[in-house]
Structures are given as C-alpha cells and as structure tokens.
Amino acid sequence: MKAAGVPIDYVVEIDVADEEIIKRMSAAAYTWLPAVRTMLYQSAKVAGKDDATGEDLIQRDDDKEETVKKRLDIYHAQTEPLVKYYADWLLPAQLAHPSA
C-alpha cells in the first residue's frame with residue numbers, strides 16, 4: 001500500500017490479552033442450530049445440552065483451547081508485526097504535521 005501511494009487515514013488495533021481470547025473462545029459451545037451458547041457466562045440447565053432444544057452442545061475443533069493457542073502463535077508471528085509497521089509508517093507523518 002505504501003509503495004502504491006495509497007493513503008491510509010486510520011489503522012485500528014484491537015488489543016485483547018491472549019488469556020482473555022483463550023478463555024472466551026474455548027468456552028463456546030454450539031448445537032447444530034445457528035444459536036450459540038457461551039458456557040463461560042451461562043451454564044446449561046442440563047449439562048451438555050442446549051436449554052432451548054435439548055440438543056447436545058458441541059465444541060468445534062477450531063474453538064478448542066489448543067487450537068486457539070496455535071492461532072494466537074500464528075497471529076503473533078505473522079500479523080502482530082504489522083502494528084509496528086503501521087506505527088513506523090505513521091511516525092514520519094506525525095513529525096511533519098504534529099497537529100494530525
């Protein structure tokens with residue numbers, strides 16, 4: 001983007017601790033229906049069953065703790081460096097135009 005001369009007005013970083021991401025994602029349980037129940041904040045009336053349908057609550061493989069940790073490792077190695085890249089790109093513009 002920089003080489004193409006594309007101006008960027010904003011870059012948004014959502015900074016959430018790994019522990020919180022792991023806790024939230026690995027607590028998700030799903031039925032075969034589109035409805036989602038988050039077990040972290042609300043327990044099922046019958047363990048392992050959806051309150052509304054009685055269907056089994058199933059955790060998808062991509063929401064298991066080990067998988068979430070692997071995805072975070074990839075994020076830290078491949079995507080997180082973009083934060084520094086964009087910060088370094090912004091710095092010269094801020095120095096040239098301090099009110100920006």
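What you see is a predicted model; the values in this text were computed from it and never measured.

Quick notes on the rules
- The written sequence of each chain sets the order in which its residues are numbered from 1.
- Local features in this predicted model are restricted to residues whose pLDDT is 70 or higher, and side-chain atom pairs enter the listing and the counts only when it is 80 or higher, whereas totals over whole chains, interfaces and linings include all residues.
- Hydrogens and waters are ignored; side-chain quantities use all the structure's heavy atoms.
- A helix here means a DSSP run of H or I that spans at least four residues, while a strand means a run of E at least two residues long, and both kinds are numbered starting from the N terminus.
- Residue burial is assigned from relative accessible area. The probe radius is 1.4 Å, only protein chains are included, and a residue is buried under 20% of its type maximum, exposed over 50%, and partly exposed in between.
- Accessible surface area values rest on a Shrake-Rupley calculation with a 1.4 Å probe, where residue burial reflects the displayed protein chains alone.
- Pairing of aromatic rings covers Phe, Tyr and the six-membered ring of Trp, with a centre-to-centre limit of 6.5 Å; geometry is then stacked below 30 degrees between planes, edge-to-face above 60, and tilted otherwise.
- For this analysis, a salt bridge means a side-chain nitrogen from Lys or Arg found within 4 Å of a carboxyl oxygen belonging to Asp or Glu.
- Axis geometry follows a simple rule: fit a line to the C-alpha atoms, using only the stretch in contact for helices, then measure angles between N-to-C directions, giving values from 0 to 180 degrees.
- Take the far helix as the reference: if the near one is turned anticlockwise from it by less than a right angle, the crossing is left-handed, and if turned clockwise, right-handed.
- Two residues qualify as a contact provided that any one of their heavy atoms is within 4.5 Å of a heavy atom in the partner residue.
- Charged means Asp, Glu, Lys or Arg here, nonpolar means Ala, Val, Leu, Ile, Met, Phe, Trp, Tyr, Cys or Pro, and polar covers whatever is left, Gly included.

Chemist: Just checking my understanding: could you explain the overall build of the protein for this structure?
Modeler: Counting its secondary structure elements, the protein contains three helices and two strands. Each helix (α) and strand (β) of the protein, taken in turn from the N terminus, gives the series α-β-β-α-α. For the protein, the proportion of its 100 residues judged to be buried stands at 14%. Accessible surface, the protein as shown: approximately 8000 Å² in total, 58% of it carbon and sulfur.

Chemist: Can you help me understand the packing of aromatic side chains in this one?
Modeler: In this description, a pair of aromatic rings is defined by centroid distance and the angle of the planes. The final tally for this structure, using the stated rule, is three aromatic pairs. Judged by centre distance (5.7 Å) and plane angle (25 degrees), the ring pair of Tyr86 and Trp89 falls under stacked. A residue pair is termed a helical-turn pair when its members lie 3 or 4 positions apart in one helix, as Tyr86 and Trp89 do in helix 3 (residues 81-96) at three residues. By relative accessible area, which is 19% here, Trp89 ends up buried.

Chemist: Got a minute to help me understand the pattern of salt bridges in this structure?
Modeler: Two side chains of opposite charge can pair, provided their charged atoms sit close to one another. Under the definition given, this model contains eight salt bridges. A salt bridge links Lys64 to Asp61; the shortest N-O distance between them is 3.2 Å. You can call Lys64 partly exposed: its relative accessible area is 30%. Between Glu65 and Lys69 there is a salt bridge; the shortest N-O distance is 3.0 Å. Taken as a pair, Glu65 and Lys69 lie in helix 2 (residues 65-79) at a separation of four residues, close to a single helical turn. A relative accessible area of 37% places Glu65 in the partly exposed class. For Lys69, a relative accessible area of 38% corresponds to the partly exposed category. Overlapping salt bridges, with partners in common, bring together Glu20, Lys23 and Arg24 in one network.

Chemist: Can you walk me through the packing of helix 1 (residues 18-26) against helix 2 in this structure?
Modeler: Packed helices, taken two at a time, are described by the angle their axes make and the gap between the axes. Between helix 1 and helix 2, whose axes approach to 9 Å, the crossing angle comes to 140 degrees. Every pair of crossing elements has a handedness; the one defined by helix 1 and helix 2 is right-handed. Along the contact surface, helix 1 presents Asp18, Ile21, Ile22, Met25 and Ser26, while helix 2 presents Glu65, Val68, Lys69, Arg71, Leu72 and His76. Taken together, the residues that form the contact of helix 1 with helix 2 break down as five nonpolar, two polar and four charged.

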